[in-house]
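Given next are the chains, with one letter for each unit.
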Amino acid sequence: STQSTWGTILDLSILLISPMLGRARQALAKATLGSKWTKRGLAAVAVAVPLSLATADPQTVEGLSRSLQFWAICGPIYMHYRFMQWRLKNADSAYADKQWNRLHDRYAPIIERHTIRLKGFYLKNAQICSTRDDFVPPQYLAFCKRMQDQVPVPFLPGEAKKVVADALGVDSVDRIFDQWQDEPLGAASIGAVYKARIRATGKVVAVKVMYPGIERRFRCDLRTTISFCRMFMPHHVPPLLELEKNFEAEFDYVAEAQSMQIIHDNVIPVFGDRIVIPEPVPALCRRNVLVMDFIPGVRLIDGINANYSKYAAQKGMTLDQLVQD
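Residues numbered from 1 in each chain as written. Predicted model: local features only at pLDDT ≥ 70, side-chain atom pairs only at ≥ 80, totals over all residues. Heavy atoms only, no water.

Peer 1: What is the right way to read the overall build of the chain from this model?
Peer 2: In terms of helices and strands, the chain carries 14 helices and five strands. Across the chain, every contact between residues at least 6 apart in sequence was considered, and the portion connecting residues at least 24 apart equals 57%. (Helix = DSSP H or I, 4+ residues; strand = E, 2+ residues; numbered from the N terminus. Contact = heavy atoms within 4.5 Å.)

Peer 1: Could you clarify how one ought to interpret the packing of aromatic side chains in this entry?
Peer 2: For any two aromatic rings, the description comes down to two numbers: the centre-to-centre distance and the angle of the planes. With the rule as written, the count across this model stands at 17 aromatic pairs. Here Trp180 and Tyr194 contribute two aromatic rings whose centre-to-centre distance is 5.4 Å and whose plane-to-plane angle is 25°, an arrangement assigned as stacked. Within this pair, whereas Trp180 is found in strand β1 (residues 177-180), its partner Tyr194 is found in strand β3 (residues 191-198), the two being separated by 14 residues in sequence. Of the residues examined, Trp180 reaches a relative accessible area of 14% and is grouped as buried. Exposure remark for Tyr194: the relative accessible area of 4% places this residue in the buried category. (Phe/Tyr/Trp six-rings, centres within 6.5 Å; stacked < 30°, edge-to-face > 60°. Buried < 20%, exposed > 50% of the residue type's maximum accessible area, 1.4 Å probe, protein only.)

Peer 1: Would you mind showing me how to read the pattern of salt bridges here?
Peer 2: Close approach of charged atoms allows side chains of opposite charge to pair. Tallied over the entire structure, the rule returns 17 salt bridges. A salt bridge links Arg216 to Glu62, with the nearest nitrogen and oxygen atoms 2.9 Å apart. Taken together, the residues Arg216 in helix α9 (residues 214-232) and Glu62 in helix α4 (residues 61-87) connect sequence positions 154 residues apart. Judged by its relative accessible area of 29%, Glu62 is partly exposed. Across the pair Asp166 and Lys162 runs a salt bridge whose closest N-O atoms are separated by 2.9 Å. Highlighted residues: Asp166 and Lys162, both in helix α8 (residues 159-168), separated by four residues, approximately one helical turn. Assessed through its relative accessible area of 49%, Asp166 is described here as partly exposed. Through salt bridges with shared partners, one network takes in Glu215, Arg219, Asp252 and Arg287. (Salt bridge = Lys/Arg side-chain N within 4 Å of Asp/Glu carboxyl O.)

Peer 1: Explanation requested: the environment of Phe232 in the structure shown.
Peer 2: In this fold, Phe232 is placed in helix α9. Note: C-alpha distance between Phe232 and Met79 (153 residues apart in sequence) is 9.9 Å.

Peer 1: Please explain unusual backbone geometry as it appears in this structure.
Peer 2: Residues apart from glycine generally show negative phi values, whereas peptide bonds are mostly found in trans. In this structure, Lys119 takes a positive phi of about 55° despite not being glycine. Note on placement: Lys119 falls in the loop between α5 (93-118) and α6 (120-129).

Peer 1: Looking at this structure, how should I read the nonpolar core?
Peer 2: Burial of nonpolar side chains together is a common tendency in soluble globular proteins. Val164, Phe177 and Val207 are the most contacted members of the largest nonpolar core, which totals 68 residues. Setting aside its immediate chain neighbours within four residues, Val164 contacts Val173, Phe177, Trp180, Val207, Val209 and Val289. (Core = buried A, V, L, I, M, F, W, Y, C linked by side-chain atoms within 4.5 Å.)

Peer 1: I keep staring at the packing of α4 against α9 and nothing clicks. Help me out?
Peer 2: Axes are the key here: two packed helices are described by the angle between their axes and the distance separating the axes. Remark: α4 packs on α9, axes separated minimally by 10 Å, with the N-to-C direction vectors making an angle of 35°. For the pair α4 and α9, the crossing hand works out as right-handed. On α9, the residues that touch Glu62, Gly63, Arg66, Ser67, Phe70, Trp71, Tyr78 and Met79 of α4 are Arg216, Arg217, Cys220, Asp221, Thr224, Thr225, Ser227, Phe228, Met231 and Phe232. The class makeup of the residues in the contact of α4 with α9 is eight nonpolar, five polar and five charged. (Axes fitted to C-alpha atoms, helices over the stretch in contact; angles between N-to-C directions. Left-handed = near helix turned anticlockwise from the far one by under 90°. Nonpolar A, V, L, I, M, F, W, Y, C, P; charged D, E, K, R; others polar.)

Peer 1: Teacher, can you tell me more about the side chain of Thr115 here?
Peer 2: Along the chain, Thr115 turns up in helix α5. In this structure Thr115 touches Tyr122, Leu123, Ala126 and Phe143, once residues within four positions along its chain are discounted.

Peer 1: I would appreciate a short explanation of a nonpolar patch on the surface in the present structure.
Peer 2: A surface patch of nonpolar side chains, about 510 Å² in accessible area, is lined by Leu300, Ile301, Ile304, Tyr308 and Tyr311. Along the chain, Tyr311 falls in helix α13 (residues 300-314). Judged by relative accessible area, Tyr311 falls into the partly exposed class, the value being 41%. (Patch = residues over 30% accessible without salt bridge, like charges linked within 9 Å, V, L, I, M, F, W, Y side chains within 5 Å. Areas by Shrake-Rupley, 256 points an atom, 1.4 Å probe, with all protein chains shown as cover.)

Peer 1: Could you clarify how one ought to interpret the environment of Phe155 in this entry?
Peer 2: Examined against the element boundaries, Phe155 turns out to sit in the loop between α7 (138-146) and α8. Looking at Phe155, the relative accessible area reads 10%, which means it is buried. The contacts of Phe155, once residues within four sequence positions are left out, are Ala160, Val163, Ala192, Tyr194, Val209, Met210, Tyr211 and Pro212.

Peer 1: Whenever I open this one, the pairing of β3 confuses me. Can you help?
Peer 2: Side chains on a regular strand alternate between the two faces of the sheet. Where β1 lies against β3, three bridges are found, and the strand directions are antiparallel. Residue pairing across strands places Gln179 opposite Arg197, the latter belonging to β3. Pairing geometry for strand β2 (residues 186-187) and β3, over two bridges, is antiparallel. Its bridge partner lying in β3, Gly186 is registered against Val193. (Pairing = 2+ DSSP bridges.)

Peer 1: I would appreciate a short explanation of the environment of Lys208 in the present structure.
Peer 2: Mapping Lys208 onto the fold places it in strand β4 (residues 204-210). For Lys208, a relative accessible area of 18% gives the class buried. When the C-alpha positions of Lys208 and Ala160 are compared, they lie 9.4 Å apart, and in sequence the two are 48 residues distant. A polar contact of 2.8 Å, which involves the side chain of Lys208, links it to the side chain of Glu256. (Polar contact = N/O pair within 3.5 Å; in protein donor to acceptor, adjacent residues only side chain to side chain.)

Peer 1: Can you walk me through the pairing of strand β5 (residues 289-293) in this structure?
Peer 2: β5 sits mainly inside the fold: five of its five residues count as buried. Pairing of β4 with β5, which is carried by five bridges, proceeds in the antiparallel orientation. Bridging across to β5, Val209 finds its partner in Val289.

Purely geometric numbers; function is a separate question.
Shown next as structure tokens:
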């Protein structure tokens, strides 16, 4: 059929240009932008370069590199999806579902790999998408959910402790903490959390440490994403612009500590017998370091599942049956 012929031509074209892209990749790897490219992404270099120059932060080579990688990776994938949309406009639903799932199976691992590698706003976006079971295809949803609590920590050994020491104006965190757990309790798109004990008081605390340079990367990534959406999906631009306005609070842990204290002081007097809210340690909080009470517990999703499992058991059902119901 015409549809299958066009699909075959597209796939063969990609295979034919792969050797040329491999040589281009080797040349680019020696340049100042040096980064790991997908073969498929390099097919869009001719388009990605001017788009990146127009959308990246002109102050940083890193900003240009990240923008270039985004366009080179996502541009061809997006165009393949749009081509498939045109190709399947008159197809029956069963055939269309099969073809869409082929694309999802093909590209979800690529998007996951580059999301983990680039991190920044792209990782944050994956975490946001992880809550949209009603919208995101299962192939993408699976890796987005893994990003909720399985984010690789970009800190090198000892780097987080150095960030904290520099922020607090000491030569070593040992002057402030007599215990420090090197393995992070968790990691997110902006920072990682460590368990420690304050030397002066013996208080066990959680220390949230912001990744160096993450705000700059976030702003660059969001600017690139907004430019992409303006060109192809303008309906997504308003919420992204609103998100950009809220960035100031995201990257100021002192402001976050103040908000925590306000919530604690207003809620605990009324509901203190039923809930626990951590308090910050203001003297040890900086713009990139947040120290707060350590409260042992389980992951939120595990706690929710445990409660629903009890409810399901009362109804003579399993949790899976309850979810399906």
